[in-house]
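# Tertiary structure, described
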Amino acid sequence: MATIRALTNAEELKEREQNFFVVVHPLDDEPEQKVDTEKLGPMRMTLSVRLSLLGLRAYLVVMMGLVVYHFLGLAGLFAGRGR
């Protein structure tokens, strides 16, 4: 159970005031300067990042090709072949 007691010592009061943080809602806060991304240069990519992105691109191209192939199969374009 929490107890409430009067603070009698000024030093204790000052110490407790330092342990509190003020929470300000973003809508009530003052606007701040945002980062200007136009002044930033292009990011350098390491070899592993470049290879990972190329692998991801190849994967997405293959998956799109499989979707197109499936739709063409559903449309009946491959019905007479191979049977």
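Residues numbered from 1 in each chain as written. Predicted model: local features only at pLDDT ≥ 70, side-chain atom pairs only at ≥ 80, totals over all residues. Heavy atoms only, no water.

### Focus: the overall build of the protein
Inclusion rule: We count a stretch as a helix when DSSP gives it H or I for four or more residues in a row; a strand needs E for two or more, and each element gets its number in order from the N terminus. Categorising residues by exposure relies on relative accessible area from a 1.4 Å probe, with only protein chains included: less than 20% of the type maximum marks a residue as buried, more than 50% marks it as exposed, and the intermediate range marks it as partly exposed. All accessibility values rest on the Shrake-Rupley procedure with a 1.4 Å probe; residue burial counts only the protein chains present in the view.
Across its full length, the protein holds 2 helices and 0 strands. Within the protein, buried positions represent 0% of all 83 residues. For the protein, the exposed surface amounts to about 9,100 Å²; the carbon and sulfur share of it is 62%.

### Details of the pattern of salt bridges
Selection rule: Should a side-chain nitrogen of Lys or Arg be within 4 Å of a carboxyl oxygen of Asp or Glu, the pair is scored as a salt bridge.
This structure, assessed with the given rule, holds 1 salt bridge. A salt bridge links K34 to E32; its shortest N-O distance comes to 3.6 Å. For E32, a relative accessible area of 55% puts it in the exposed group.

### Points about a nonpolar patch on the surface
Stated formally: A patch is a set of surface residues, each over 30% in relative accessible area and not in a salt bridge, joined within 9 Å for like charges and within 5 Å for the nonpolar side chains Val, Leu, Ile, Met, Phe, Trp and Tyr.
A cluster of nonpolar side chains, contributed by M45, V49, L53, L56, Y59, L60, V61, V62, M63, M64 and L66, occupies part of the molecular surface with about 1,000 Å² of accessible area. Mapping V49 onto the fold places it in helix α2 (residues 47-74). Exposure remark for V49: the relative accessible area of 37% places this residue in the partly exposed category.

### Considering α2
How we decide: In a helix, the anticipated span is given by 1.5 Å times the number of residues less one.
For α2, built from 28 residues, the straight-helix expectation of 40 Å at 1.5 Å per residue is met to within 8% by its first-to-last C-alpha distance of 41 Å. Immediately downstream of α2, the backbone of G76 shows phi near 90 degrees, a positive value.

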